[in-house]
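Working through the structure, step by step
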Amino acid sequence: MIELDDIFLDSFTGLLDTVSDHGAIRAVEAGGSTAAIWEAVQESGFVDALLPEDDGGAGFDTATVVPLVNAAGERLLPVAFAQTMVARMLAARAGAELGVDGAVTLWPLSEEGTLRSQVAPAAWEAGHALVQQGHQFTVRPLVVGKQRDGFGYIPAELDMGAEPLASFTLDGVDLLDWASAITALLIAGACNKVLAMTIDYLNERKQFGRALSKFQAIQHNCAVMAEHAVIAATAARIGFTADDGNLSTLRVAMARSVTFDAAAQISALAHAGFAAIGITEEYDLQLYVRALKRWQISFGSDSFWARKLGQARIAGTYDTSADFIRDRLAPEPVA
Amino acid sequence: MTSFAKTFRATYLPAEAEAFRAEIKEFLKEWTAKRPPHRRARSWQGFDREFSLALGAKGWLGLTIPKQYGGGDRSFFHRFVLVEELLAAGAPVAAHWIADRQSAPLLLHYGTQEQREKLIPAICRGEAFYCIGMSEPNSGSDLASVRSRAVPDGDGPDGGGWVLNGQKIWTTYAHESDYMIALVRTSGEPDDRQKGLSQILIDLKAPGVTVRPIEDLTGEAHFNEVFFEDVRLPADALIGQEGNGWAQVNAELAFERSGPERIYSSIVLLDIWADFLARRAGANPAAEVALGRLLARMAALREMSVAITGRLVEGESPVLEAALIKELGTTMEQDTPVEIARLIGDDPDEVVDPELLRTLAYVMQVSPAYSLRGGTREILRGMIARGLGLR
């Protein structure tokens, strides 16, 4: 596997720090345009990271771009960066064009034609979606939903009346896996950020004449946050490893189950550390915890994914769970 | 956090270490067939001298120790595979566990040439079993307050030597071991804390040593009180530098806290439960979810443990990251019996395999110890917090 050079990663995170700071995120949530943000991300060239070199991309494998997707989560990047990367890669694999230069999010449909998620992607993250139903893929325009969802996000809706901009078929690709694996990486990134914010706050804020970080109960909460951040990052990384170009549903399941817990625990403990100020609209913690909670139930929540693992374990003829993990969940070395 | 990401970066067991696995599985078949699950659930608390001798005969003790001392001269990756297979099978590894995991590497690193040649080969043959003397009646987590003391013995047979007085407690398998490596005071006073502590080797058959087993809540005895009354020790009982015991003990911890033993302590129970569920597939969705949740954590932790092994191979000593794994791992190991107990009684009319119930009962009772041994949860959280820049 190619390891992303620190210089590349730093240039990408530097870009995100400029275009996706808290002010920018608030402006987008208030209804502002993401056009300038998308333009900057698009110009960086990273959106073509998974595209083969022959198609003008960088030809990276998924494992290589993990830090980029983490970084997008860490900064709550409000455009479908990772999703567009994947959409472009899949279209290229089918020998097709997406037909749009803008952001494209992922939209797996059930057999009945409904989105396979209780929470729809945000309207601001993309103007189009790569839609999958069975082995049929189409690129369709999105429209802005009329009502904000319970998390305060404006949901996107598929414009079923419009003609698809592109259409192709692919076998053996499950867009739900891809959308979920990206969700896990975004959660891991945001968890990391919330941990860092919490540590900074606790070292500064004083009560009873000393910094909150001097209190043992607070220290232990932070240790638990760090543990969840680390296991979430590891699980999400494995979830996004692709053998032969495809994700493993079971690895994605593992990533989603572990990151669900991490999001829950880290949000709760961050709130415990920030106390009342963390509940306010004015304070930026809310941007992250709202995102984390929304991601928890996007594209299936813990029980949907965990059950897949449990079923696979008992359906297999494994002597031990260690054998099961090694055979089904441990990533293969990438050449 | 960036440093954590680097420590836990993608790491793979090399093919030659993986190739070792089949041989281990083959060897373990007959040993596990003899032991029912509730016995195998003893995991690294299961003591069987004969088994350790057999492992020694295979050349699998002291796997990472150089050949010249009787070791296997293989990598930490090989050792990971061996330990993973031993624990997953519930093999009785307790007899050699401490000697193999900690004492031999310690002697290799800090021992004199003479100590290495004299002591390590017997460990590798499975003929010398060690225990670790750390806690004392008034020194539990606060290890630096140990009061057992070895004073230079002017009358010793070799002109040097030590006289040891004091007491250790909670010493696992002292009653079955040949030697103890103990942390004792050799200079200074208790107020000097970490300064003046040394690691010394004690022959448990030496006059003045009394070992008294302590029965645990399951009615078995794993740990002991050990009393030292004017125990005369030779000059070469000192391991490493006089007064450097604290640093030496801490260097061991990355090995002690990050291995598969922090992930697989409840695996025998998990697997016999999975077998039970397999016979009723689809009948209990909540149980399938719970099983999946535990497996997800186990898989991520295994990946982290492999990564730490990789860093050990590269010569690093990621003590903080090892503490993170241990806390996460023991929590998962402890949640396992809780989840199974929650689900196994969902239908009081259902007949459950008695062996599963017996295994569950055992693990439910002993699992609190998982987050005590090798540094308590609360101590580890303090260490992690300090590593994060709090405090």
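What counts as what
- Residues numbered from 1 in each chain as written.
- Chains lettered and ligands numbered in written order.
- Predicted model: local features only at pLDDT ≥ 70, side-chain atom pairs only at ≥ 80, totals over all residues.
- Helix = DSSP H or I, 4+ residues; strand = E, 2+ residues; numbered from the N terminus.
- Rg over C-alpha atoms; globule rule 2.2 N^0.38 Å.
- Buried ≥ 20, exposed ≤ 12 C-beta atoms within 10 Å, placed from the backbone.
- Contact = placed C-beta atoms within 7 Å.
- Pairing = 2+ DSSP bridges.
- Axes fitted to C-alpha atoms, helices over the stretch in contact; angles between N-to-C directions.
- Parallel < 35°, antiparallel > 145°, perpendicular 65-115°, else oblique.
- Left-handed = near helix turned anticlockwise from the far one by under 90°.
- Nonpolar A, V, L, I, M, F, W, Y, C, P; charged D, E, K, R; others polar.
- Core = buried A, V, L, I, M, F, W, Y, C linked by C-beta atoms within 7 Å.
- Domains from an automatic or database assignment.

**Looking at the overall build of chain A**
- If you tally the helices and strands in chain A, you get 11 helices and 9 strands.
- Against the 2.2 N^0.38 benchmark of 20 Å for 335 residues, chain A shows a C-alpha radius of gyration of 20 Å, consistent with a compact globule.
- Considered along the principal axes of its C-alpha atoms, chain A spans approximately 65 × 55 × 40 Å.
- Residues classed as buried in chain A amount to 52% of the 335 residues present.
- Excluding contacts between residues fewer than 6 apart, the proportion of contacts in chain A whose partners are at least 24 apart in sequence is 71%.

**Remarks on the overall build of chain B**
- Along its length, chain B carries 13 helices and 8 strands.
- Over its C-alpha trace chain B gives a radius of gyration of 21 Å, about what one expects of a compact globule, namely 21 Å for 391 residues.
- Along the longest, intermediate and shortest principal axes, the C-alpha atoms of chain B span 75 × 50 × 45 Å.
- Expressed as a percentage of its 391 residues, the buried residues of chain B come to 51%.
- Of the contacts made within chain B by residues no fewer than 6 positions apart, 76% connect residues no fewer than 24 positions apart.

**Quick word on the pairing of strand β4 (residues 179–185) of chain B**
Residue and element names in this part refer to chain B.
- Here β4 lies mainly inside the structure; 7 of its 7 residues are buried.
- The alternating pattern of β4 places Y179, I181, L183 and R185 on one face and M180, A182 and V184 on the opposite face, and all of these are buried.
- By the bridge criterion, 4 bridges tie strand β1 (residues 130–133) to β4 in an arrangement that is parallel. Within β4, the residue paired with Y130 across the bridge is Y179.
- Direction of pairing for β4 relative to strand β5 (residues 197–203): antiparallel, over a ladder of 7 bridges.

**Overview of the packing of helix α7 (residues 216–239) of chain A against helix α8 (residues 249–274) of chain A**
Residue and element names in this part refer to chain A.
- One way to put it is that α7 packs onto α8 with a least axis distance of 8 Å and a crossing angle of 155°. On the basis of the axis angle, α7 is roughly antiparallel to α8. For the element pair α7 and α8, the recorded crossing hand is left-handed.
- A breakdown of the residues in the contact of α7 with α8 according to their chemical character gives 17 nonpolar, 6 polar and 2 charged.

**Some remarks on the nonpolar core**
- Counting 231 residues, the largest nonpolar core has I187(A) and M254(A) as the members making the most contacts within it.
- Top element by residues in this core is helix α6 (residues 175–204) of chain A. It accounts for 18 residues.
- When residues no more than four places from it in sequence are discounted, the contact partners of M254(A) are A235(A), I238(A), G239(A), L309(A), L329(A), A296(B), A299(B) and A300(B).

**Structural notes on the domain arrangement of chain A**
All names here are of chain A.
- Domain annotation for chain A reports domain 1 (6–173) and domain 2 (176–329).
- For domain 1 and domain 2, the distance between their C-alpha centroids amounts to 22 Å.
- Each partner contributes residues to the interface: domain 1 has 28 residues there, and domain 2 has 28 residues.
- Among the secondary structure elements, those contributing two or more residues to the side of domain 1 that touches domain 2 are α2 (22–29), α4 (62–74), α5 (81–93) and β1 (104–108).
- With 9 residues, the top contributor of residues to the side of domain 1 that touches domain 2 is α4.

**Overview of the packing of α6(A) against α8(A)**
All names here are of chain A.
- Relative to each other, α6 and α8 sit at 25°, their axes nearing to 9 Å. If you check the angle between α6 and α8, you find them roughly parallel. Along this stretch, α6 crosses α8, giving a crossing that reads as left-handed. Seen from α6, the contacting residues are D177, S180, A181, A184, I187, A188, C191, V194, L195, T198, Y201 and L202; seen from α8, they are T249, V252, A255, R256, T259, A262, A263, I266, A270, G273 and F274.
- Here the contact of α6 with α8 is composed, by residue class, of 16 nonpolar, 5 polar and 2 charged.

**Examining the interface of chain A and chain B**
- Taken together, the 47 residues of chain A in the interface contact 44 residues of chain B.
- Among the elements of the structure, α6, α7, α8, α10 (302–315) and α11 (321–329) of chain A are those that each provide at least two residues to the side of chain A that touches chain B.
- A per-element tally of the side of chain A that touches chain B places α7(A) first, with 14 residues.
- Residue composition of the side of chain A that touches chain B, by class: 28 nonpolar, 12 polar and 7 charged.

**So, the environment of A291(A)**
Residue and element names in this part refer to chain A.
- Structurally, A291 can be placed in helix α9 (residues 285–296).
- Note: C-alpha distance between A291 and L115 (176 residues apart in sequence) is 19 Å.
- With sequence-adjacent residues up to four places away left out, A291 is seen in contact with L76 and A190.

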